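Read off the chains here:
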Amino acid sequence: MLDVHIVGAGPAGCFCAVAAQKAGKNALVSEEHARIGEPVHCSGLVSKSALEEMSDVVDYRKISINTIETATIFCADEHVKLRPKKAKAILIDRGEFDRMAADCAQSEGAKFELGKKISRKEQLKSYCVVGADGPSSAVAQMFGFPKIRRVVSAYQADYECSVQEKHDAKLFISPRHFPGFFGWVIPISAQSAKIGFAVKPGASPKKAFAQILEKFGAKRPENGFGAAIPIETRGKTAGEFGKYSVFLAGDAAGQVKATTGGGIYFGASCARIAGRVFPDTAAYERGWRKEYGTDLMMHSLLRRAMNISSEAAVDALLGVFKLGMLDRFINEHAEMDRWGRLASAKSVVDYAKLIASAK
Ligand SMILES: Cc1cc2nc3c(=O)[nH]c(=O)nc-3n(C[C@H](O)[C@H](O)[C@H](O)COP(=O)(O)OP(=O)(O)OC[C@H]3O[C@@H](n4cnc5c(N)ncnc54)[C@H](O)[C@@H]3O)c2cc1C
């Protein structure tokens, strides 16, 4: 007897299946593509702390490509370099990550059907359904969930290029050139990098992107793709619809950091909560918002602040950032994901101590 039908075998679908099986439920995962993890529409940069937390399902050490230790943020005339002591990020092989998560779900007893696109209710094989089917979720549409209105359009490819600092990611925040988001260079090795951008719909960052490619001598793009990144959570992510109990998880629910577009950790973590509480939709909605809602909201607030429309204002903000020693604070205390923890009395005290200790 099937207890839950999960649509989509990305991180959210696979982590959900693992949690459901561990909770004694039988899960079926339908994936529209013939091979899990393909095509890859992701950079694959995840904080080490998040990977540690997910390592009961995926051993990231087997799929690590590069370690990112610092980040340089550029605007027009200002730049700031962050050297967080604790918050390291690892560039992983994202396709392998999904396949290893699916292997874990299978070893727990979950069934997978590949090459199966779900687009109608008649195809559902359980009254308990999870839409883990990405930002344009068919499940969300089928059951009339509220839409995700804030989305950015992204492009990325792997380029041969000269990367001067193999462990430094570069971000180009420019309201004029990359409105609504930013451009990035994430080193794969000393001779190659993932170079991409995301912008608000309708914007064309062609010229600015060409300048980045030129600056890094980037050539021979491979694995290029375009994709959408949701940057807000859906107003509702679970509910009862007649005999159906429906859950949305991962990008389908908008469980993504609005600052960077990173969604692997939050998507997988929220999906685990769904897997544990089936078929209680209210417990899921309450559960993930309680555990991760503040973190996602803080990313969303910073995204709104970053969306100011003038270059000079962003430069000024970076200047204030340095003047207020926020870069030093981040270096000492930064967390890449759980920003809710930074909104604590202890953080305020730590920041005050840093300011007080300044010469
Ligand atoms: C350019 C770019 C770079 C990114 N870089 C990062 C990064 O560095 N770090 C990070 O954490 N996040 C990154 N992200 C975001 C990350 O890729 C997503 O947040 C993550 O993939 C969400 O996982 P998911 O399981 O919810 O959805 P997906 O990974 O999108 O998985 C959904 C699955 O459902 C399948 N599917 C869809 N519709 C159907 C259907 N109707 N029937 C059956 N199957 C279906 C799809 O084929 C897919 O396999 C990036 C995104 C983009 C676009």
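It should be noted that the structure appears before, not after, this text.
Keep in mind it's a predicted model, so treat the numbers as computed, not measured.

Asker: Lay out the overall build of the protein chain with the relevant residues and their values.
Answerer: What the protein chain contains, in helices and strands, is 10 helices and 16 strands. Taken over the C-alpha trace, the protein chain has a radius of gyration of 21 Å; the compact-globule value for 359 residues is 21 Å, and the two agree within 12%. By its C-alpha atoms, the protein chain is 65 × 50 × 40 Å across when sized along the principal axes. Expressed as a percentage of contacts within the protein chain between residues at least 6 apart in sequence, the contacts between residues at least 24 apart total 74%.

Asker: Which residues make up the environment of Leu-114, and what values go with them?
Answerer: By the element assignment, Leu-114 lies in strand β8 (residues 111–114). Put simply, Leu-114 and Ala-34 are 80 residues apart on the chain and 5.2 Å apart in space, counted from C-alpha to C-alpha. For Leu-114, the contacting residues outside a window of four places in its chain are Glu-31, His-33 and Ala-34.

Asker: With reference to specific residues and values, describe the site of the ligand.
Answerer: What surrounds the ligand is a group of 39 residues, the closest being Gly-8, Gly-10, Gly-134, Gly-250 and Gly-263. Looking at the shell around the ligand, the elements that each hand over two or more residues are α1 (11–22), β2 (27–31), β3 (45–47), β10 (151–160), β14 (219–230) and α6 (264–277). Residues that form the shell around the ligand fall into these classes: 17 nonpolar, 17 polar and five charged.

Asker: Now, about the sheet that holds β10: what can you tell me, with residues and values included?
Answerer: Think of a sheet as strands paired side by side through backbone hydrogen bonds, with each pair either parallel or antiparallel. Pairing is mixed across the open sheet formed by seven strands, whose spatial order is β6-β5-β11-β12-β13-β10-β14. Whereas interior strands pair on both sides, the edge strands pair on one side only; in this sheet they are β6 (79–82) and β14. Neighbour-to-neighbour, the strand axes of the sheet open up by a mean angle of 15°, direction not taken into account. Relative to strand β13 (residues 192–199), β10 is paired through eight bridges, and the arrangement is antiparallel. The residue of β13 that forms the bridge with Gln-156 is Gly-196.

Asker: Can you break down the pairing of β10 residue by residue, with the values?
Answerer: Both β10 and β14 contribute to a ladder of eight bridges, which runs antiparallel. Residue pairing for β14: Ala-154 is matched across the bridge by Ala-227.

Asker: Give a detailed account of the sheet that holds strand β16 (residues 244–248), specifying residues and quantitative values.
Answerer: One open sheet holds the six strands; their spatial order is β8-β2-β1-β9-β16-β15, and the pairing between them is mixed. Because the sheet does not close on itself, it has two edges, and the strands there are β8 and β15 (238–241). On average, each strand axis in the sheet is tilted by 20° relative to the strand beside it, whichever way the strands run. Relative to β8, β2 is paired through four bridges, and the arrangement is parallel. Across the sheet, Glu-31 pairs through a bridge with Leu-114, a residue of β8. Most of the contacts of α1 go to β2, to which it runs at about 170°, and overall it touches β1 (4–7), β2 and β9 (128–131). Packing against the sheet, helix α7 (residues 281–306) makes contact with β15 and β16, and its axis sits at approximately 165° to β15.

Asker: Could you give me a rundown of the pairing of strand β5 (residues 70–74), with the residues and numbers involved?
Answerer: Of the strand pairs in this sheet, β5 and strand β11 (residues 168–172) are connected by five bridges, and their pairing is parallel. If you follow Ala-71 over to β11, its bridge partner there is Ala-169. Pairing geometry for β5 and β6, over four bridges, is antiparallel. Within β6, the position partnered with Phe-74 by the bridge is His-79. Here β5 hands over to β6 after four residues, the two strands then running antiparallel side by side.

Asker: Quick rundown of the nonpolar core? Include the residues and the values.
Answerer: Ranked by size, the top nonpolar core spans 100 residues in total, and within it Phe-15, Cys-16, Ala-17, Val-130, Ala-249 and Ala-274 carry the most contacts. Phe-15 has contacts with Val-57, Ala-101, Ala-268, Ala-271 and Arg-272, leaving out every residue within four places of it along the chain.

Asker: Now, about the environment of Cys-270: what can you tell me, with residues and values included?
Answerer: Looking at the element boundaries, Cys-270 is found in helix α6. Sequence separation between Cys-270 and Trp-288 is 18 residues, and the spatial gap between their C-alpha atoms is 5.5 Å. Discounting chain neighbours no more than four positions away, the residues touching Cys-270 are Ala-249, Ala-253, Gln-255, Trp-288 and Tyr-292.

Asker: Residue-level account of the environment of Leu-51, with values.
Answerer: Relative to the helices and strands, Leu-51 resides in helix α2 (residues 48–53). Measuring from C-alpha to C-alpha, the distance between Leu-51 and Lys-215 comes to 32 Å, with 164 residues separating the pair along the chain. Apart from residues lying up to four places away in sequence, Leu-51 is in contact with Val-46, Tyr-60 and Ile-90.

Asker: Could you give an account of helix α3 (residues 94–107), with specific residues and numbers?
Answerer: Counted at 1.5 Å a residue, the expected span for α3 with its 14 residues is 20 Å, and the 20 Å between its end C-alpha atoms agrees. Where α3 is buried, its residues touch α1, β2, β7 (89–92) and β8. Positive backbone phi, approximately 110°, marks Gly-109, located one or two places after α3.

Asker: Give me the lowdown on the packing of α1 against α3, citing residues and values where you can.
Answerer: The N-to-C vectors of α1 and α3 enclose an angle of 20°; their axes lie 8 Å apart at closest approach. Regarding the angle of α1 to α3, the classification is roughly parallel. Read as a crossing pair, α1 and α3 show a hand that is left-handed. Across from Pro-11, Cys-14, Phe-15, Ala-17, Val-18 and Gln-21 in α1, the residues of α3 making contact are Phe-97, Asp-98, Ala-101, Ala-102, Cys-104 and Ala-105. Its residues placed into classes, the contact of α1 with α3 shows 10 nonpolar, one polar and one charged.

The rules behind each value
- Sequence order as written defines residue numbering, which begins from 1 separately in each chain.
- Only residues with pLDDT of at least 70 are given local features in this predicted model, and only at 80 or more are side-chain atom pairs given and counted; all residues enter the totals for whole chains, interfaces and linings.
- Helix and strand assignments follow DSSP, with helices taken as H or I runs no shorter than four residues and strands as E runs no shorter than two, numbered in order from the N terminus.
- The globule rule is 2.2 Å times the number of residues to the power 0.38, and the radius of gyration it is compared with is taken over C-alpha atoms.
- Any two residues are considered in contact once their C-beta atoms, placed from the backbone, lie within 7 Å.
- Nearness rests on one distance test: the residue's C-beta atom, set from the backbone, must lie within 6 Å of the molecule or strand.
- Residues are sorted three ways: Asp, Glu, Lys and Arg are charged, Ala, Val, Leu, Ile, Met, Phe, Trp, Tyr, Cys and Pro are nonpolar, and all the rest, Gly among them, are polar.
- Two strands are said to pair when DSSP picks up at least two bridges between them.
- Helix axes use the C-alpha atoms of the stretch in contact, all axes being lines fitted to C-alpha atoms, and the angles between their N-to-C directions lie in the range 0 to 180 degrees.
- Nonpolar cores are built from buried Ala, Val, Leu, Ile, Met, Phe, Trp, Tyr and Cys residues. These are joined into a set through C-beta atoms within 7 Å.
- Buried residues are those with 20 or more other C-beta atoms within 10 Å of their own C-beta, exposed residues have 12 or fewer, and partly exposed residues lie in between; C-beta atoms are placed from the backbone.
- Expected span of a helix: the number of residues minus one, times 1.5 Å.
- Any angle from 65 to 115 degrees is called roughly perpendicular, while one under 35 is roughly parallel, one over 145 is roughly antiparallel, and all others are oblique.
- Each crossing gets its handedness from the near helix: less than a right angle anticlockwise from the far helix is left-handed, clockwise is right-handed.

Function-wise, these values are silent; they only describe arrangement.
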